[in-house]
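# Survey of secondary and tertiary structure
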Amino acid sequence: MSKRIVILGGGTGGTLTANRLHRHLKHHPIGDAVEITVVDQDDHHVYQPGLLFVPFGLAQHSEIVRPRQAQLHKDITFVQQGIDRVDLERDTVVLEGGRELAYDALVIATGATLALDETEGLTGPGWNEKVFTFYDLAGATGLETALAEFEGGKLVVNVVDMPIKCPVAPLEFCFLADWYFTERGIRDKVTITYATPLDGAFTKPVASAALTSLLADKGVHLITEFNTGEVDGEAGKLVGYDGREVPFDLAVVIPLHSGAAYVGRSEGLGDDLNFVPTDKRTLQTIAKPNVFALGDATNVPASKAGSVTHFEGEVLVDNILRFLAGETLNSTFDGHANCFIETGFGKALLIDFNYDTEPLPGHFPTAIGMPLLKESRMNHLGKLMFQWVYWHALLQGRDIPGIGADMPTRGKERPAPHTPELEETAV
Amino acid sequence: MSTATMAGVEVRLNDEGFFEDPNQWTEAMAVEMATADGIDTLTDQHWTVLKFMRKEFFEKGTGPTVRLLGKTSGVSVKDLYLLFPKGPAKMAARIAGIPKPKGCI
Ligand SMILES: Cc1cc2nc3c(=O)[nH]c(=O)nc-3n(C[C@H](O)[C@H](O)[C@H](O)COP(=O)(O)OP(=O)(O)OC[C@H]3O[C@@H](n4cnc5c(N)ncnc54)[C@H](O)[C@@H]3O)c2cc1C
């Protein structure tokens, strides 16, 4: 009898998993007898890293949105429907409207959603007028107009709480805003403030120090350990739970993130925030052996980033094939993340890290290569290239030459004489 | 790492003053730490939070973040800040004798 693999979510993780599985199955003994189905609620695949550039007029809709089905191999079935819940006991997915999909193996790749309602006042008066987010397409587009009309005043960029997708994106937004207002000749009329719940610019010590000083170089004020209790659009201020107030004329807020709501409706699948508890090395869920997860939907202590999702895909596809063949799983995922950080004026930084090694200076992937934790034009070109790589290699589930799932250690400069003790943080 | 004497017993603390070994903790020590942090009396609500944090830590291996505390402890985030003004997750974790929650570095 044929085996059914159902993949929930047709974004980065779902698409690359489906295509990679399809290719690997061609050469696999059980290959002909496997059906792959991908479910998503809509047919607009957004290249999310592009959302950072939209507010600054540097990216167009047509470049960053494509139909989902067109990214999938033609032998993969695409079902466009919302998911109502997963019935773990019956190995069945129930879609909105009642249709059921039974599976032998399930992949959860439904990402993270923005929990706008969890922050008091966020979507109240001023929402999409002087309070925005660039974390979805509508918000990023609205912000483009608001920035174009901004003639001076207080711009505040605020992360409500971790975890968020791409934890460096809010910093990149600050750097680009500094560049944007300089280009427009009004930088002296704008104050830029970054308010974060962390105790520095970033979660990991060495990179945090580097990014904190970069913020200072660019004249961005840093407010740390700020826990947003309320966004008061009318009065134009953020109010912290500790009573501190941050006034703004324009606020860019990165809202709280949760897992997809259907996870909460699926008994035994998710945690209190609807993320899916997942083994951080095998990517098998804790809920049941035939359920796997990758990308932003999981609770693994790695960055919620497309690069992480890509590296996870290699291990996850291998493990699904092992599972279906009754073999032991590989515990090889190391938490590898690789992120370009756009710093404005045609430059970018690159950071490369995993569960055990924080982002360090040096070069990537070896001692000759792109500079790590240091601004360069080459890294900026790398960031721009990533869009091409995303549509043509990453979503196809192909390996990217020179960048494997295991983090390279050659080329990294370790701090001497001791490495600060690291905690496993969701960064 | 350092050591300190609390409620007459020697305990091991890390550089930020969090317990190295949560099993060394006693309620009397919590009272001492709270007083030193400016909380004169630990009310029932304080104890609800402290006990909840310890339970979460022993079940899940890490203490809850403020957001999770607000969702699951039965005390709202606003009230948590009134109870533990220096930041509930960190301050309550320290008084509860568990490591700093991983999400709030
Ligand atoms: C502003 C911004 C900048 C970023 N920059 C970078 C970067 O520079 N580099 C990088 O590596 N990463 C970056 N990322 C992160 C990256 O985009 C994500 O980590 C990645 O897309 C995660 O893939 P995923 O498959 O887990 O989730 P997604 O790609 O978000 O896919 C989840 C899918 O599930 C579907 N879904 C959810 N719920 C349901 C339901 N109930 N029923 C049906 N379908 C459902 C959604 O429609 C969606 O298509 C950025 C993200 C943002 C927001």
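Located above this text is the structure these notes cover.
The structure contained in this document is the topic of the report that follows. One numbering rule holds for all chains: residues counted from 1, following each sequence as written. Think of it this way: whatever chain is written first is A, whatever ligand is written first is 1, and the rest follow in order. It should be noted that, the model being predicted, local features are given only for residues of pLDDT at least 70 and side-chain atom pairs only at 80 or more, the latter also being counted only at that level, while totals for whole chains, interfaces and linings use all residues. Side-chain figures throughout are based on the complete set of non-hydrogen atoms in the structure, without hydrogens or water.

## Quick look at the overall build of chain B
A tally of helices and strands in chain B yields five helices and two strands. Starting at the N terminus, helices and strands are each numbered in turn, a helix being any DSSP run of H or I of at least four residues and a strand any DSSP run of E of at least two. Taken from the N to the C terminus, the helices and strands of chain B come in the order β-β-α-α-α-α-α. Our radius of gyration looks at C-alpha atoms and nothing else; its globule reference is 2.2 Å times the residue count to the power 0.38. In terms of C-alpha radius of gyration, chain B reaches 13 Å, essentially the compact-globule figure of 13 Å for 105 residues. Its C-alpha atoms give chain B principal-axis dimensions of about 35 × 30 × 20 Å. Working rule for contacts: check all heavy atoms of both residues, and any pair within 4.5 Å makes them a contact. Long-range contacts, defined as pairs at least 24 residues apart, comprise 48% of the intrachain contacts of chain B with a sequence gap of at least 6. As displayed, chain B offers around 5,000 Å² of accessible surface, 53% of which is attributable to carbon and sulfur atoms. Counted charges follow a simple rule, with Lys and Arg positive, Asp and Glu negative, and His plus the chain ends left uncounted. In plain terms, the charge of a residue is placed at NZ if it is Lys, CZ if Arg, CG if Asp and CD if Glu. Each charge sign in chain B was given a centre, from 13 positive and 13 negative side chains, and these centres are 9 Å apart. Surface accessibility follows the Shrake-Rupley procedure with a 1.4 Å probe radius. Residue values consider only the protein chains on display as shielding.

## Comments concerning the overall build of chain A
Helix and strand counts for chain A come out as eight helices and 24 strands. For a compact globule of 427 residues, the expected C-alpha radius of gyration is about 22 Å, and chain A comes in at 22 Å, within 12% of that figure. Dimensions along the principal axes, computed over C-alpha positions, put chain A at roughly 70 × 50 × 40 Å. Type-normalised accessible area, obtained with a 1.4 Å probe on protein chains alone, sets the label of each residue: buried when under 20%, exposed when over 50%, and partly exposed for intermediate values. The 427 residues of chain A split such that 57% are buried. A fraction of 68% describes how many contacts in chain A between residues 6 or more apart in sequence connect residues 24 or more apart. When the accessible area of chain A is evaluated, it comes to approximately 16,800 Å², of which 50% is carbon and sulfur surface. Charge centroids of chain A, computed over 35 positive and 57 negative side chains, lie 6 Å from each other.

## Comments concerning the pairing of strand β15 (residues 228-232) of chain A
Residues and elements named next belong to chain A. When you tally the buried positions in β15, you get four out of five residues, the bulk of the element. Pairs of strands are assigned from DSSP output, requiring at least two bridges between the strands. In this sheet, strand β16 (residues 237-240) lies alongside β15 in antiparallel orientation, the contact comprising four bridges. Residue V231 lies in a different strand from β16, and its bridge partner there is L238. Where β15 hands over to β16, the hairpin turn is made up of four residues, of which G236 adopts a positive phi near 70°.

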